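# Notes for the structure review
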Amino acid sequence: MGATLQDIRYGVRMLAKNPGFTIVAVLTLALGIGANTAVFSVVNAVLLRPLPLPDSRRLMVLFDTDDRSGQSWAVSYPDFLDWRRQNRTFDVLSTFVPQSVNLSGREEPVRVRGGFVSANFFSLAGVQPSLGRSFRAGEDVPGASRVAVINYGMWQGLLGGDPQILGKTLTLNGEVFSIVGVMPKDFRFPVDYCEVWIPAIYNPYFSNDRRKEPIAVVGRLKAGMRRAQAQAEMDTITKQLAQQYPDTNRDRGAKLVPLQDVVTLEIRPAILVLLVAVGFVLLISCANVASLLLVRASGRQREMALRATLGAGRARLIRQMVTETLLLWMLGACFGVLLGHWGLDGLARIRPDDSTSWMRLELDAGVLLFTLGVTILTGLVFGLIPAIRFSNPNPMGALKEGSRVAGRGTAHSRAGRVLVASQVALTLVLLVGAGLTMRSLAKITGVNPGYNPENLLTLEYRLPRNKYPKKSQQWNFHRQVVERAQSLPGVRSAAEVEGLPMSGNASDTAIVLLDRPEPAPGQELRAQANICDTHFFRTMGIPLLRGRAFTEQDTMDTPHVVVVNQTLAETYWKGADPIGKVIRLPDEENLTATVVGVVGDVKQINLDDANGAQLYEAQAQQPTIFATLVARTEGDPMSLATALRSAVWAVDRDQPVWKVRTEQSLLDLSVGPRRFLKMLLEVFSALALLLASIGIYGVISYSTSQRIQEIGVRMALGAQRRDVLRLVLGEGMWIAATGVAMGLAAALALTHFLSSQLFGVSATDPITFSGVALLLATVALLACYIPARRATRVDPIIALRYE
């Protein structure tokens, strides 16, 4: 212990003796360690730490599946009841359907984010209200009293923190609910943010039809029960239901997925990419500092020789040098944790949406242990390089006068070249990743969405079904809203649609083509289904390719008609004229409809989606309680936001509206995660490029300083400045070329992990690879040019007297 303390004290003195070296090394390490600390905090929050619910590892999401196609979707309510009644592997099985609700009866109607759940939902979550109670058994069946549980934020904000809130009423979707509980301040179910929870039977889309799948099912496994056991039991249950209800449940199964996997599915690949990227930044930082340590160690040859002469063994010298290195790394880690904390705050602010706001982004004990482990590991690995290289000095040679340089140039040069070439290789991999994401983002933002998003203002609303129970009432409401919107000054055109492109609202339906043999049950063709009015295609700028759009003559009293997109027409009728073809929609009470028009393809969910079959029904014939109002304006769309709200309130003052936004903002939001990943990769790549260029400059500068005598001799014998320039540049570019070659090989092997984040660009895109290689070569040339130019100014007389 005494010897260790002595090594630490001596190491502190040596670092303090060289403040310039210490500051540069600590800052370089802090950048690498800080970036890793911040990103690992995200990895820890998303992938490693359990969800913020008791025993969250036991929570499973249950999906209904098609055994033939392998597709998964939500569950019908009757199937859920059978699953809950027959299973023996779950403690609790509950429904959860996040959906906004109308809050009226106030000065201004508002939309709140709701969750329609089973009475046992809060038992499933393992959290009970901090005020009042949760739902009781039987409060989720028809005829029960209407009760609601609210979250802490709604209580304190919208409801003013009323201490007598229990028993007060809320008018939700036109029905009066009594508040029975308030959830704790920090409670949030990870699937979606909710302000109020309501029994499942009050969902406007609630159905007892086994053909409709409106609900999500979440279950908590019994203690000691494994997922495989529950899956086996669910397989048995679904087979029994298939025999009992062959018309609806044939070839249907169930699939269990851990809740944590469901809520992190979309962000997991991007986070892993970032983890690899910051790992490369850390290695580059460490290699840079190791190169500095080699320079410093070579300057301490006489010191090492003297210590060896006085009896210090090689192990003693290695321990001393490694101790100094670990002190340096620990200082870097201290500043790195500080940078990581700042970086974590930045990541929390700029994440593309609130889908992960349930995560606690913090530097907890696990993150700090990770940082400590990374610090010690990299400190030992990179500290041993100079320690082993210079811990076995030649005492007699090193102590001779004038031998201060002897033997150190070659030793440093070999190790230094390897470290710098490795930095270049790692930097190239990072730059290739950033380049691929940049080109991918450029490709996806250049995709034609199938409509013109400019000057489009949109808002959503949902009618309370008990207030507008009839289809005719719903259609009359929508019609009046559009008429009022169209009459507003500055509005060129207005329309309504159920599922606005890029809004996340979409559904699909089975279709049967009546001009060909009937498909086997469950093998019907499927298409995205939407409902719109007569003005929608013109307002959105969706081209009409054939036939006609909907007209005022398409009403509830006339035969049903549909408009299909180009992909559906070309896929299902293969060049034949689709106009006049008749289809049947099994999911809509076997409704039959005639194709009257063909429009262009529209990107409904994401810009990178392949064009699929789409069909549109007339809103006048098939009105729904949910609608999106779209208005194309003359100028700035948001300047008409208030007027567009008023167009809805003029029809019904108690009708809330929400998501008042431009269509362009929806397009931007759809590429938000890609833009976020691109931005972070650009930051890490720029940092890596800077460190690599410094590394190249450092090794060439040091190598040149060790060849002053050689250069002097060459110039005394007649070498020209261009010859010296070529000599020094050649050495540096050889190192860079070696690193580029290694980096290209590594990038070819690793970039396929990035392929899930790419669109329209191959993971081995030759333009990106060649462009990055050229960029690195240019930076390397500039980094080499400064010491090379300095070498050409050497005075041969002074050089020959050097040392």
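Residues numbered from 1 in each chain as written. Predicted model: local features only at pLDDT ≥ 70, side-chain atom pairs only at ≥ 80, totals over all residues. Heavy atoms only, no water.

## A closer look at the overall build of the protein
Applied cut-off: For helices the rule is a DSSP run of H or I covering at least 4 residues; for strands it is a run of E covering at least 2, with both sets numbered from the N terminus onward. Whether a residue is buried, partly exposed or exposed follows from its accessible area with a 1.4 Å probe, protein chains only, as a fraction of its type maximum: under 20%, in between, or over 50%, in that order. Two residues qualify as a contact provided that any one of their heavy atoms is within 4.5 Å of a heavy atom in the partner residue. Accessibility throughout is a Shrake-Rupley quantity obtained with a 1.4 Å probe, and a residue counts as covered only by protein chains that appear here.
Helices and strands together make up the secondary structure of the protein, namely 24 helices and 22 strands. In the protein, which comprises 803 residues, the share counted as buried stands at 52%. Of the contacts made within the protein by residues no fewer than 6 positions apart, 82% connect residues no fewer than 24 positions apart. As displayed, the protein has an accessible area near 34800 Å², and 58% of this comes from carbon and sulfur atoms.

## Re the side chain of Thr 437
Structurally, Thr 437 is set in helix α14 (residues 408-445). Among the residues examined, Thr 437 registers a relative accessible area of 5% and is labelled buried. Excluding residues that lie within four positions of it along the chain, Thr 437 makes contacts with Leu 677, Lys 678, Leu 681, Leu 754 and Leu 758.

## Details of the pattern of salt bridges
Convention followed: Here, a salt bridge means any Lys or Arg side-chain nitrogen found within 4 Å of an Asp or Glu carboxyl oxygen.
Scanning the model with the defined rule gives 23 salt bridges in all. Between Arg 252 and Asp 64 there is a salt bridge whose closest N-O contact spans 2.5 Å. Here Arg 252, found in strand β11 (residues 252-258), pairs with Asp 64, found in strand β1 (residues 59-66); they are 188 residues apart in sequence, far enough to count as distant. Under the relative-accessibility criterion, Asp 64 is labelled buried at 2%. Measuring nitrogen to oxygen at the nearest pair gives 2.5 Å for the salt bridge that ties Glu 731 to Arg 417. In this pair, Glu 731 is assigned in helix α22 (residues 721-750) and Arg 417 in helix α14, connecting sequence segments 314 residues apart. Via salt bridges that share partners, Asp 79, Asp 82, Arg 85 and Arg 210 belong to a single interconnected network.

## Points about unusual backbone geometry
For Asn 173, which is not glycine, the phi dihedral falls at a positive 55°. Note on placement: Asn 173 falls in the loop between β7 (169-172) and β8 (175-182). The backbone phi angle of Met 502 is positive, close to 75°, even though this residue is not glycine. Locating Met 502 in the fold gives a position in the loop between β13 (491-497) and β14 (507-513). Here Met 502 falls in the buried class, since its relative accessible area comes to 7%.

## A word on the packing of aromatic side chains
Aromatic ring pairs are defined here through the distance separating the ring centres and the angle between the ring planes. This is how the line gets drawn: Aromatic pairing here means that ring centres of Phe, Tyr or Trp (its six-membered ring) are within 6.5 Å. Orientation follows from the plane angle: under 30 degrees is stacked, over 60 is edge-to-face, and everything else is tilted.
On inspection of all chains with the given rule, the structure shows 19 aromatic pairs. Relative to Phe 122, the ring of Phe 121 lies with its centre 5.2 Å away and its plane at 75°, an arrangement referred to as edge-to-face. Taking the relative accessible area as the measure of exposure, Phe 122 reaches 0% and is therefore buried. With centroids separated by 6.2 Å and ring planes inclined at 35°, the aromatic side chains of Phe 537 and Phe 550 adopt a geometry described as tilted. Linking Phe 537 in helix α16 (residues 536-540) with Phe 550 in the loop between β16 (544-547) and β17 (561-565), this pair joins segments that are 13 residues apart in sequence. Accessibility expressed as a relative area gives 4% for Phe 537, which makes it buried. What makes Phe 550 buried here is its relative accessible area of 5%.

## Examining the nonpolar core
Spelled out, the test is: Nonpolar cores were defined as sets of buried Ala, Val, Leu, Ile, Met, Phe, Trp, Tyr and Cys residues, with membership established by side-chain atoms within 4.5 Å.
The biggest cluster of nonpolar side chains holds 65 residues, and the ones touching the most others in it are Phe 684 and Ile 696. The leading source of residues in this core is helix α20 (residues 672-705), at 12 residues. With 37 residues, the next largest nonpolar core counts Tyr 77, Ile 150, Ile 179 and Val 196 among its residues.

## Thoughts on helix α17 (residues 566-573)
Of all the positions in α17, only Thr 567, Leu 568, Ala 569, Tyr 572 and Trp 573 are classed as buried. Close packing links the buried residues of α17 with β14, β15 (525-532), β17, β18 (582-585), β19 (591-599) and β20 (614-618). The positive-phi residue at the C-terminal boundary of α17 is Lys 574, with phi of around 45°.

## Looking at the pairing of strand β12 (residues 456-462)
This is how it is decided: At least two DSSP bridges between two strands are required for those strands to pair.
The element β12 is extensively covered by neighbouring structure, given that 7 of its 7 residues are classed as buried. In β12, alternate side chains face the same way, and those of Leu 456, Thr 458, Glu 460 and Arg 462 on one face and Leu 457, Leu 459 and Tyr 461 on the other are all buried. Bridging between β12 and strand β21 (residues 626-633) involves 7 bridges; their strand directions are antiparallel. Pairing of Tyr 461 across the sheet is with Ala 627, part of β21. Pairing geometry for β12 and strand β22 (residues 658-662), over 3 bridges, is antiparallel. In the strand pairing of β22, Thr 458 is matched with Arg 661.

## Brief notes about the pairing of β1
Where burial is concerned, most of β1 is hidden: 7 out of the 8 residues are buried. In this structure, β1 lies alongside strand β10 (residues 216-221), joined through 4 bridges in antiparallel fashion. Pairing of Val 61 across the sheet is with Val 218, part of β10. Relative to β11, β1 runs antiparallel, the two being bridged by 7 bridges. Its bridge partner being in β11, Asp 66 is matched across the sheet by Arg 252. Where β1 meets strand β2 (residues 72-73), 2 bridges bridge the pair, whose relative direction is antiparallel. What sits directly across from Asp 64, in β2, is Trp 73.

## Quick notes on the packing of helix α15 (residues 471-486) against helix α18 (residues 641-649)
Applicable threshold: Angles run from 0 to 180 degrees between N-to-C directions of axes, and those axes are lines fitted to C-alpha atoms, restricted for helices to the stretch in contact. Should the near helix be turned anticlockwise from the far one by less than a right angle, the crossing is left-handed, and should it be turned clockwise, the crossing is right-handed. Residue classes follow a fixed rule: Ala, Val, Leu, Ile, Met, Phe, Trp, Tyr, Cys and Pro count as nonpolar, while Asp, Glu, Lys and Arg count as charged, and any other residue, Gly among them, counts as polar.
In the contact formed by α15 and α18, the axes pass within 8 Å of each other and the chain directions differ by 145°. Once α15 is placed against α18, the crossing between them reads as right-handed. Between α15 and α18, the residues in contact are Phe 477, Val 481, Arg 484 and Ala 485 and Leu 644, Ala 647 and Val 648, respectively. Partitioning the contact of α15 with α18 into residue classes produces 6 nonpolar, no polar and 1 charged.

## Examining the side chain of Thr 248
Put simply, the test is: What qualifies as a polar contact is a pair of N or O atoms within 3.5 Å, subject to a donor-acceptor requirement within protein and to the restriction that residues adjacent in sequence count only when both atoms come from side chains.
Looking at where Thr 248 falls in the secondary structure, it is placed in helix α7 (residues 246-249). You can call Thr 248 buried: its relative accessible area is 19%. A polar contact of 2.7 Å, which involves the side chain of Thr 248, links it to the side chain of Asn 249. Sequence-distant contacts of Thr 248, defined by excluding residues within four places in its chain, comprise Arg 210 and Arg 211.

## Things to note about helix α19 (residues 663-670)
What counts, and what does not: To be clear, the arc concerns the directions from the helix axis to the C-beta atoms.
Taken residue by residue, α19 has Glu 663, Leu 666 and Leu 667 as its buried positions. When α19 is viewed along its axis, its buried side chains cluster within an angular range of 100° and face the same direction. Structurally, α19 contributes buried residues whose contacts are with β12 and β22.

## As for a nonpolar patch on the surface
So the rule is basically this: Here, patches come from residues exposed beyond 30% relative accessible area and free of salt bridges, joined within 9 Å for like charges and within 5 Å for nonpolar side chains (Val, Leu, Ile, Met, Phe, Trp, Tyr).
Where nonpolar side chains cluster on the molecular surface, the patch consists of Met 330, Leu 369, Leu 372, Ile 376 and Leu 380 and spans about 400 Å² of accessible area. Structurally, Met 330 can be placed in helix α11 (residues 314-350). By relative accessible area, which is 31% here, Met 330 ends up partly exposed.

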